[in-house]
Amino acid sequence: MSIVVTGASGHLGRLVVADLLARGVGAGDIAAVVRDEGKVADLAAQGVQVRVATYDDPQSLKGAFKAGERVLFVSGSEVGRRLPQHTAVVDAARAAGVGLLAYTGILGGPEADIALAEEHKLTERLILDSGLPYTFLRNGWYTEVYTQNLGTVLEHGAVVASAGEGRVASAARADYAAAAAVVLTGEGHEGKAYELSGDTAWSFAEYAAEVSRASGREIRYQNVSSEQYLEVLVGAGLPAGLAEVLVDVDRGIGRGLLAGTSGELSRLIGRPTTPMPESVAAAVRQLEG
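This section reports on the structure supplied with the text. Everything numeric here is computed off the predicted structure, so don't read it as measured data. (Residues numbered from 1 in each chain as written. Predicted model: local features only at pLDDT ≥ 70, side-chain atom pairs only at ≥ 80, totals over all residues. Heavy atoms only, no water.)

1. So, the packing of helix 10 (residues 226-235) against helix 11 (residues 240-254)
Here's step 1: Contact geometry for helix 10 and helix 11: axes closest at 9 Å, N-to-C directions at 140°. Here helix 10 lies oblique to helix 11, going by the angle between them. As helix 10 runs across helix 11, the sense of the crossing is right-handed. Contact residues: Ser226, Tyr229, Leu230, Leu233 and Val234 in helix 10; Ala240, Ala243, Glu244, Leu246, Val247, Asp250 and Arg251 in helix 11. (Axes fitted to C-alpha atoms, helices over the stretch in contact; angles between N-to-C directions. Helix = DSSP H or I, 4+ residues; strand = E, 2+ residues; numbered from the N terminus. Parallel < 35°, antiparallel > 145°, perpendicular 65-115°, else oblique. Left-handed = near helix turned anticlockwise from the far one by under 90°. Contact = heavy atoms within 4.5 Å.)

Given below as structure tokens:
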């Protein structure tokens, strides 16, 4: 039996492949599905199988999976285009007769009430209707969503958001990757939906304080209205549609959508999730290094 990771050249997919190798899965038993094989030449050199396919090309996906394989289906990144892309992946997995389809969705699943969740909810329904053995990995927020923008935060001396006093139970991307590896290599996960989040929820004021502590600079939390935040994001060069989605996420955070600390992630990986301050300190060191 081989294990297939889609989107294997992306941040999450690469971490999952690395975790599988660290767990002793043979490189030849891992298949990396990517758009550009050149981006995973290092994995191929280690013996990992490389299969070229794209979510936009159903024909290419026909060779991406084989009967009985366990597949990590990493959700697409193109908001607004994911339903036809995901439909093509599910159809290909069903045609191949994969043994397990593990899908990376969003925290809250059917109960998530933000625009970003809609394609995830529809994809879960597609998978259920397909009759495939499945596991839903409903991932909460990655701390890297915020730390990847620390350069801008340090430049302006402020964490800008429109989430009010809302809290985020984030975890490091590596934590979510470890959970996916556990499901792909273990037993008893079929038919389950895991609500995955960090062990501790933090506010943006607390996040700003950690950035201050790690950087030695005064960083404040600047809470703005949804309209102001939309202007900030568009002014930073984001497409208006994506900016509106992010503003809607902040409204969801304000309602507590991403604050849940179920403990399911730490239980799956057998250790505490990576604390936000640890991720912030590492990101600051990288910027200053």
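Following the structure, the description resumes.
2. Here we look at the pattern of salt bridges
Here's step 1: Per the counting criterion, the structure on display carries 19 salt bridges.
Here's step 2: In this structure, aspartate 56 engages arginine 81 in a salt bridge whose closest nitrogen and oxygen atoms are separated by 2.9 Å. Here arginine 81 lies in the loop between strand 4 (70-73) and helix 4 (82-96) and aspartate 56 lies in the loop between strand 3 (49-52) and helix 3 (58-61), a separation of 25 residues in the sequence.
Here's step 3: Arginine 82 is paired through a salt bridge with glutamate 119; the nearest N and O atoms lie 3.0 Å apart. Of the two residues, arginine 82 is situated in helix 4 and glutamate 119 in helix 5 (residues 118-130); the sequence distance between them amounts to 37 residues.
Here's step 4: Residue arginine 82 is classed as buried on the basis of its relative accessible area, which comes to 5%.
Here's step 5: A single salt-bridge network, built from bridges that share partners, covers Arg35, Asp56, Glu78 and Arg81. (Salt bridge = Lys/Arg side-chain N within 4 Å of Asp/Glu carboxyl O. Buried < 20%, exposed > 50% of the residue type's maximum accessible area, 1.4 Å probe, protein only.)

3. A look at the layout of surface pockets
Unfilled space is identified by rolling a water-sized probe across the atoms.
Here's step 1: In this model, the second largest pocket occupies a volume close to 170 Å³.
Here's step 2: In terms of lining residues, the second largest pocket is bounded by Glu144, Thr147, Gln148, Ala172, Ser279, Ala282, Ala283, Gln286 and Leu287.
Here's step 3: Of all the elements in the fold, those that place two or more residues in the lining of the second largest pocket are helix 6 (144-147) and helix 13 (276-288).
Here's step 4: When residues in the lining of the second largest pocket are grouped by element, the largest group, 5 residues, is from helix 13.
Here's step 5: Grouping the amino acids of the lining of the second largest pocket by side-chain chemistry returns 4 nonpolar, 4 polar and 1 charged. (1 Å grid on protein atoms, 1.4 Å probe; cavity = no way out; pocket = protein on both sides within 12 Å on 5 of 7 lines; lining within 4 Å. Points joined across faces, edges and corners; volume = space filled by probe spheres on them. Nonpolar A, V, L, I, M, F, W, Y, C, P; charged D, E, K, R; others polar.)

4. Details of the environment of leucine 233
Here's step 1: Note on placement: leucine 233 falls in helix 10.
Here's step 2: When the C-alpha positions of leucine 233 and valine 247 are compared, they lie 8.7 Å apart, and in sequence the two are 14 residues distant.
Here's step 3: Ignoring any residue separated from it by four or fewer positions in sequence, one finds leucine 233 in contact with Leu238, Ala243, Leu246 and Val247.

5. Remarks on the nonpolar core
Here's step 1: Ranked by internal contacts, the top residues of the largest apolar core, which has 59 residues, are Val16, Leu20, Phe65, Leu72 and Leu101.
Here's step 2: The element best represented in this core is helix 8 (residues 173-185), accounting for 9 residues.
Here's step 3: Counting 31 residues, the second largest nonpolar core, distinct from the first, contains Ala112, Ile114, Val153 and Val245. (Core = buried A, V, L, I, M, F, W, Y, C linked by side-chain atoms within 4.5 Å.)

6. What to know about a nonpolar patch on the surface
Here's step 1: Nonpolar side chains collect at one region of the surface, where Val79, Leu242 and Leu246 lie side by side and expose about 200 Å² of accessible area between them.
Here's step 2: Residue position: leucine 246 is located in helix 11. (Patch = residues over 30% accessible without salt bridge, like charges linked within 9 Å, V, L, I, M, F, W, Y side chains within 5 Å. Areas by Shrake-Rupley, 256 points an atom, 1.4 Å probe, with all protein chains shown as cover.)

7. Examining the sheet that holds strand 5 (residues 100-106)
Two orientations exist for strands paired in a sheet by backbone hydrogen bonds: parallel and antiparallel.
Here's step 1: Spatially, the 7 strands line up as an open sheet ordered 3-2-1-4-5-6-9, and their pairing is parallel. Looking along the sheet, the strands with just one partner apiece sit at the ends: strand 3 and strand 9 (192-196). Neighbouring strand axes in the sheet, compared pairwise and without regard to direction, differ in orientation by 20° on average.
Here's step 2: Direction of pairing for strand 5 relative to strand 6 (residues 134-139): parallel, over a ladder of 6 bridges. (Pairing = 2+ DSSP bridges.)

8. Some thoughts on the packing of aromatic side chains
Where two aromatic rings form a pair, the distance of their centres and the angle of their planes describe that pair.
Here's step 1: This structure, assessed with the given rule, holds 10 aromatic pairs.
Here's step 2: Between the aromatic rings of tryptophan 202 and phenylalanine 204, the centroid separation amounts to 5.5 Å while the plane-to-plane angle is 80°, which identifies the pairing as edge-to-face. The two residues tryptophan 202 and phenylalanine 204 agree in class, both being buried.
Here's step 3: When the centroid spacing of 5.7 Å and the interplanar angle of 25° are considered together, the rings of phenylalanine 204 and tyrosine 221 count as stacked. Taken together, the residues span a long stretch of sequence, with phenylalanine 204 in helix 9 (residues 204-215) and tyrosine 221 in strand 11 (residues 220-223) at a distance of 17 residues. In this pair, the class of phenylalanine 204 matches that of tyrosine 221, namely buried.
Here's step 4: Among the aromatic residues, ring-to-ring pairing joins Tyr146, Trp202, Phe204, Tyr207 and Tyr221 into one connected group. (Phe/Tyr/Trp six-rings, centres within 6.5 Å; stacked < 30°, edge-to-face > 60°.)

9. Remarks on the pairing of strand 5
Here's step 1: In terms of residue burial, strand 5 counts as a mostly covered element, since 7 of its 7 residues are buried.
Here's step 2: As paired elements, strand 4 and strand 5 share 4 bridges and run parallel to each other. Its bridge partner lying in strand 5, arginine 70 is registered against leucine 100.
Here's step 3: Regarding the hand of the β-α-β motif, the stretch spanning strand 5, helix 5 and strand 6 is right-handed. (Right-handed = clockwise from strand over helix to strand, strands pointing away.)

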